[in-house]
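# Fold and contact review
One-letter residues, chain by chain:
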Amino acid sequence: PNITDTLPEDINVDEVIQTIKISGVLDMHTVSKALAAASGVQLSLGNPGDMLIQLVNPMKNWQVLAEGSVDACSAEGCQWSFDNVDISGLSLGLIALITDQRDEPQFELTAMGLMGQNTIKMLQDNPVDYQSPVPAWIVSSHSLALVSKLTQTDAELNRQNGYVFGMALSHGDKPAPIAGVQVDVLNPNIGDVYYPKADFSGLQEATSVTGFFFAAAQKEQMIVSPWNASLSDESFQWSQIFAGTQPGMAFVLLWKADQPQ
């Protein structure tokens, strides 16, 4: 039975707290890693305590549900974990917000969706510990500068208004990047979608083997938009999603294809 069916009448459902443990890994965005390696730039997630991760509810004014600095780092990234995260108020998604707290940060303030509507509903119906299957990726300022230059956009303006580092992926537990995907953003306040070539030497008409695409907001305000993605041979299909930008930060959009019916 649904939890609301079994409660006494006088309990406000909104006040029922459902807490679970949420854990995962924080790592550099793969595009940031690749561009740093190609340019000979040394990127580092710093010392214990340099990276702050917050779990936020985007639908409740970015309410912080859990936060802490990240301590256990290795070449595979940094482990993070929060006990007793209240997921009862979540609806559309749960976002990881990552801040590089160093005096001279190498990374952008980065937001990334950790779970969507279906996962949230599943966990609210059956609260169990959740290990994020995808890493929380943080975007380097170096990669924003290179991608902005490539797209002939202004890195500082992109940061000010907010921008998207997107990736079109296959379905399943180990999704892989998909080439040839074209993305439509239906809100005109988010500008053109750009598709860098695999070696980032120029632009092309659809995603390369990296699955990567880039878009930036045209206004300094929170913008949410429906997004569509398509592949000409239709070997993968993507459901429309709602995602957007927030001034001052990168939004990492990992967009998995639908499971075949």
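Right, let's walk through the structure included here. (Residues numbered from 1 in each chain as written. Predicted model: local features only at pLDDT ≥ 70, side-chain atom pairs only at ≥ 80, totals over all residues. Heavy atoms only, no water.)

Here we come to helix α3 (residues 141–150). The α-helix winds at 3.6 residues per turn, so residues separated by three or four positions along the chain end up facing the same way. Taken as a whole, α3 has its buried residues at H142, S143, L144, V147, S148 and L150. Those residues of α3 that are buried are in contact with α1 (30–39), α4 (155–161), β10 (163–169), β12 (195–196), β13 (203–204) and β14 (212–216). Two residues or fewer past α3, Q152 is found with a positive phi of approximately 55°. (Buried < 20%, exposed > 50% of the residue type's maximum accessible area, 1.4 Å probe, protein only. Helix = DSSP H or I, 4+ residues; strand = E, 2+ residues; numbered from the N terminus. Contact = heavy atoms within 4.5 Å.)

This brings us to the sheet that holds strand β2 (residues 51–57). Read from one edge of the open sheet, seven strands run β3-β2-β6-β7-β17-β10-β14, paired in mixed fashion. Pairing within the sheet leaves two strands with one partner each, and these edge strands are β3 (63–70) and β14. Pairwise comparison of adjacent strand axes, ignoring direction, gives a mean angle of 25° for this sheet. Of the strand pairs in this sheet, β10 and strand β17 (residues 250–256) are connected by seven bridges, and their pairing is parallel. For V164, the partnering residue across the bridge sits in β17 and is F251. In this fold helix α2 (residues 117–125) packs onto β6 (93–100) and β7 (110–116), with an angle of close to 55° to the strand it touches most, β7. (Pairing = 2+ DSSP bridges. Axes fitted to C-alpha atoms, helices over the stretch in contact; angles between N-to-C directions.)

With respect to the helices, strands and loops of the structure, D125 is situated in helix α2. With a relative accessible area of 52%, D125 lands in the exposed category. For the pair D125 and D184, spaced 59 residues apart in the sequence, the C-alpha separation amounts to 33 Å.

A cluster of nonpolar side chains, namely M222, V224 and F242, defines an oily patch on the protein surface of about 300 Å² accessible area. Residue placement: F242 occurs in strand β16 (residues 241–245). (Patch = residues over 30% accessible without salt bridge, like charges linked within 9 Å, V, L, I, M, F, W, Y side chains within 5 Å. Areas by Shrake-Rupley, 256 points an atom, 1.4 Å probe, with all protein chains shown as cover. Salt bridge = Lys/Arg side-chain N within 4 Å of Asp/Glu carboxyl O.)

This next bit is on α1. All of the buried residues along α1 are V31, S32, L35 and A36. Axial view of α1: buried residues confined to an arc of 130°, hence all on one face. Of the residues in α1, the exposed ones pointing more than 90 degrees away from the buried face are A37 and A38. On its buried face, α1 sits against β9 (136–138), α3, β10 and β14. Positive backbone phi, at 70°, marks G40, one or two positions downstream of α1. (Arc of directions from axis to C-beta.)

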